[in-house]
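Notes for the structure review
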Amino acid sequence: MVSAVRTVLGDVHPADLGVCDAHDHLFFRSPRLPGQELQHVSATRAELAAFFAQGGGSVVQWTPYGLGRRAADLPPLSRETGVVVVAATGLHQAVHYDEEMLGRLRGRLAEVFVAELTVGIGTSGVRAGLIKVAGGFHGLDGHARWTMRAAAEAHHATGAPIAVHLELGTGSLDVLDLLCGELEVPPHRVILGHLNRSPDGVVHLQAAETGCYLAFDGPSRAHHATDWRMPGAVRALADAGHGDRLLLGGDTTTAEARSVDGGPGMPYLLRRVRPRLEAELGGETVERILVRNPSRAFAVEWR
């Protein structure tokens, strides 16, 4: 079997990702963010073009089931801008959904994940390339455990990687105990997101030592006072021998955060974060984090 990254235009060789924004959102809609929906195709096209102009090659959209993925719009956007796009299946925290929608998924969540990974999202024909789930603040509630069990089942059926939203960067070890311990998902198939939001170096090292991927994403948010510590946290992990398990992403979740709407947006990752990290880590290590690591993290011998 040959490893491939499952994109919205089909399976591609891992090297085709190029410089990768490993965690972002092209479309996103949640009742928790009224008035801040990412839903306009023209704005998404402009944001992708701006990212491409900075040398970006691919973006992994972590928007899961029920949050406005607009899967049918992703293939033409990828063709028009030249940016490779990977879509997600999965389920976010319960607060992002109403009870009626969650009720429709009871007893068949893993089945939905597998179908979106192997057949397509809705009637779009676009197949997801990863499963996105979410933990809670310093723990896992019943909803998180339900979604992670379904994600593990779908992983075992398909090989797909599982990307995890860590609430404010916390709970990583609980997630790994469940997914990699009890549910037997190989650590290298798990991607932990938002580690920069909880800059606990000891926990970062403990998580990295399992062999999972650690994503540092969402730079430059006004309410995140930990951003200035991110380069040091990344360097500590690289110095400890975990440079091959690090990923970077922009995690743009609101319209006002897009560069085309006056925010930092996706280009900020390459325009400002990349040179800052190169000064801290050197160009070769940053190249590994932006290019080589994503090509392994999202490549699957699909079943």
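To be clear, the structure that these remarks concern was listed above.
All of the points below concern the structure found in this document. If you're wondering where the values come from, they're calculated on a predicted model, not measured in any experiment.

Reading the values: the criteria
- Residues numbered from 1 in each chain as written.
- Predicted model: local features only at pLDDT ≥ 70, side-chain atom pairs only at ≥ 80, totals over all residues.
- Heavy atoms only, no water.
- Disulfide = S-S within 2.5 Å.
- Buried < 20%, exposed > 50% of the residue type's maximum accessible area, 1.4 Å probe, protein only.
- Helix = DSSP H or I, 4+ residues; strand = E, 2+ residues; numbered from the N terminus.
- Polar contact = N/O pair within 3.5 Å; in protein donor to acceptor, adjacent residues only side chain to side chain.
- Contact = heavy atoms within 4.5 Å.
- Pairing = 2+ DSSP bridges.
- Salt bridge = Lys/Arg side-chain N within 4 Å of Asp/Glu carboxyl O.
- Axes fitted to C-alpha atoms, helices over the stretch in contact; angles between N-to-C directions.
- Left-handed = near helix turned anticlockwise from the far one by under 90°.
- Nonpolar A, V, L, I, M, F, W, Y, C, P; charged D, E, K, R; others polar.
- Expected span 1.5 Å × (residues − 1).

**Description of the state of the cysteines**
Put plainly, two cysteines are in a disulfide when a covalent bond ties their sulfur atoms together. Using the criterion set out here, one finds zero disulfides in the structure. Cysteine Cys20 shares no disulfide, and the gap to the nearest cysteine sulfur, in Cys212, comes to 17 Å. Classification of Cys20 as buried rests on a relative accessible area of 1%. Between Cys180, a cysteine without a disulfide, and Cys212, which holds the nearest cysteine sulfur, the sulfur-to-sulfur distance is 6.8 Å.

**Here we look at the side chain of His25**
Assignment of secondary structure puts His25 in the loop between strand S3 (20-24) and helix H1 (41-53). One polar contact links His25 to Asp251, side chain to side chain, over a distance of 3.1 Å. Discounting residues that sit within four places of it in the chain, His25 has contacts with Leu38, Gln61, Trp62, Thr63, Lys132, Asp251, Thr252 and Thr253.

**A word on the pairing of strand S10 (residues 213-217)**
Each regular strand shows side chains that alternate between the opposite faces of the sheet. Across the five residues of S10, five count as buried, placing the element largely inside the fold. Burial of the side chains of S10 extends over both faces: Tyr213, Ala215 and Asp217 are buried on one face and Leu214 and Phe216 on the other. By the bridge criterion, two bridges tie strand S9 (residues 190-193) to S10 in an arrangement that is parallel. Bridged to Leu192 within S10 is Leu214. Inspection of the sheet shows S10 paired to strand S11 (residues 246-249) by four bridges, in the parallel sense. Bridge pairing in S11 links Leu214 to Leu246.

**Here we look at the pattern of salt bridges**
Taken as a whole, this structure holds eleven salt bridges when the rule is applied. Among the ionic pairs, Glu280 bridges to Arg235, the shortest N-O distance being 3.6 Å. You can see Glu280 sitting in helix H9 (residues 267-281) and its partner Arg235 sitting in helix H8 (residues 230-242), a full 45 residues away along the chain. For Glu280, a relative accessible area of 24% puts it in the partly exposed group. Overall, Arg235 belongs to the partly exposed group, its relative accessible area being 37%.

**Here we look at the packing of H1 against helix H2 (residues 74-81)**
It is at 10 Å that the axes of H1 and H2 come closest, and there the two elements cross at 40 degrees. Between H1 and H2 lies a crossing whose hand is right-handed. Contacts between H1 and H2 pair Val41, Thr44, Arg45, Leu48, Ala49 and Phe52 from the former with Leu77, Glu80 and Thr81 from the latter. Tallied by class, residues from the contact of H1 with H2 come to five nonpolar, two polar and two charged.

**Considerations on the sheet that holds S9**
Within the open sheet, the six strands sit side by side as S6-S7-S8-S9-S10-S11. Their pairing is parallel. Single-partner strands in this sheet number two, and they are strand S6 (88-90) and S11. Across this sheet, the average inter-strand angle for adjacent strands is 30 degrees, counted without regard to direction. In this structure, S6 lies alongside strand S7 (residues 130-134), joined through three bridges in parallel fashion. Paired with Gly90 across the bridge in S7 is Lys132. Helix H4 (residues 109-118) rests against S6 and S7 of the sheet, and its axis sits at about 170 degrees to S6.

**Considering H9**
Taking 1.5 Å as the rise per residue, H9 with 15 residues should run 21 Å; its terminal C-alpha atoms sit 20 Å apart, in good agreement. Every buried residue of H9 is listed here: Pro267, Leu269, Leu270, Val273, Leu277 and Leu281. Summarising the contacts, the buried residues of H9 are in contact with S3, H1, H8, S11 and helix H10 (283-297). Remark: Gly282 follows H9 within two positions and exhibits a positive phi of approximately 95 degrees.

**Re the sheet that holds strand S4 (residues 58-61)**
Taking strand neighbours across the sheet as the criterion, the three strands line up as S3-S4-S5 in an open arrangement whose pairing is parallel. Because the sheet does not close on itself, it has two edges, and the strands there are S3 and strand S5 (84-86). Each strand of the sheet is rotated relative to its neighbour by a mean of 15 degrees, with strand direction disregarded. Examined bridge by bridge, S3 and S4 share three bridges and lie parallel to one another. Bridge assignment links Asp24 to a residue of S4, and that residue is Gln61.

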